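Below, each chain spelled out in residue letters.
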Amino acid sequence: QVQLVESGGGLVQAGGSLTLSCAASGRTFSINAMGWYRQAPGKQREFVALKYTGGSTNYADSVKGRFTISRDNTKNTVFLLMNSLKPEDTAVYYCNARDFVAYDYWGQGTQVTVSS
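Keep in mind that what you see is a predicted model, and the values were worked out from it rather than measured.

Peer 1: Which residues make up the state of the cysteines, and what are the values?
Peer 2: Using the criterion set out here, one finds one disulfide in the structure. With a sulfur-sulfur separation of 2.0 Å, cysteine 22 is cross-linked through a disulfide to cysteine 95. The sign of the -85 degrees torsion about the S-S bond sets the cysteine 22-cysteine 95 disulfide as left-handed. Highlighted residues: cysteine 22 in strand β3 (residues 18–26) and cysteine 95 in strand β9 (residues 91–99), separated in sequence by 73 residues. Pair check on accessibility: cysteine 22 and cysteine 95 agree, each one buried.

Right, dumping it as structure tokens:
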């Protein structure tokens with residue numbers, strides 16, 4: 001079992017920055033990748049970014065060049081550094097962890113609101 005706890009959400013002005021954190025606990029040795037998804041009101045949850053234990057990363061086109069995902073494997077923590085935030089980035093952001101047999105774990109979500 002893996003537990004995920006997100007933090008760092010809040011209100012920020014357009015063009016500003018925010019950093020989200022996600023701490024994993026439990027059977028963290030089983031985690032192959034950690035990442036972030038988001039869900040805006042009335043929309044489906046969408047992929048944002050992920051980072052594999054080996055170091056490779058992947059980003060959604062909508063955030064590429066603005067967001068950076070980093071991971072501290074020794075602390076079982078993943079971060080999402082969000083720069084140049086836009087109102088369309090407003091959503092609940094969910095931390096995700098995928099183990100080596102492709103089982104997904106989810107955090108409770110943290111609200112990010114970007115004002116004009």
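Peer 1: Tell me about the nonpolar core, residues and numbers included.
Peer 2: With 28 residues, the main nonpolar core has Leu4, Met34, Trp36, Leu80, Met82 and Tyr93 as its most contacted residues. The contact partners of leucine 4, leaving out residues within four places of it in the chain, are Cys22, Ala23, Ala24, Met34, Cys95, Asn96, Ala97, Tyr105, Trp106, Gly107 and Gln108.

Peer 1: Go over the pattern of salt bridges with me, naming the residues and quoting the values.
Peer 2: According to the stated counting rule, one finds five salt bridges in the structure shown. Salt-bridge contacts for arginine 98 lead to aspartate 104; the nearest nitrogen and oxygen are separated by 2.8 Å. Arginine 98 gets classed as partly exposed once you look at its relative accessible area, which sits at 35%. A single network of salt bridges, built from pairs that share partners, joins Arg38, Glu46, Arg66 and Asp89.

Peer 1: Give me the lowdown on the packing of aromatic side chains, citing residues and values where you can.
Peer 2: Under the counting rule described, the total for this entry stands at three aromatic pairs. Ring geometry for tyrosine 37 versus phenylalanine 47: centroids 5.6 Å apart, planes at 75 degrees, classification edge-to-face. Note that tyrosine 37 is positioned in strand β4 (residues 31–39) and phenylalanine 47 in strand β5 (residues 46–52), a separation of ten residues in sequence. Assessed through its relative accessible area of 19%, tyrosine 37 is described here as buried. Note on phenylalanine 47: relative accessible area 23%, which makes it partly exposed. Taking 4.9 Å as the distance between ring centres and 65 degrees as the angle between the ring planes, the aromatic pair formed by tyrosine 103 and tyrosine 105 counts as edge-to-face.

About the thresholds
Residues numbered from 1 in each chain as written. Predicted model: local features only at pLDDT ≥ 70, side-chain atom pairs only at ≥ 80, totals over all residues. Heavy atoms only, no water. Disulfide = S-S within 2.5 Å. Helix = DSSP H or I, 4+ residues; strand = E, 2+ residues; numbered from the N terminus. Buried < 20%, exposed > 50% of the residue type's maximum accessible area, 1.4 Å probe, protein only. Core = buried A, V, L, I, M, F, W, Y, C linked by side-chain atoms within 4.5 Å. Contact = heavy atoms within 4.5 Å. Salt bridge = Lys/Arg side-chain N within 4 Å of Asp/Glu carboxyl O. Phe/Tyr/Trp six-rings, centres within 6.5 Å; stacked < 30°, edge-to-face > 60°.

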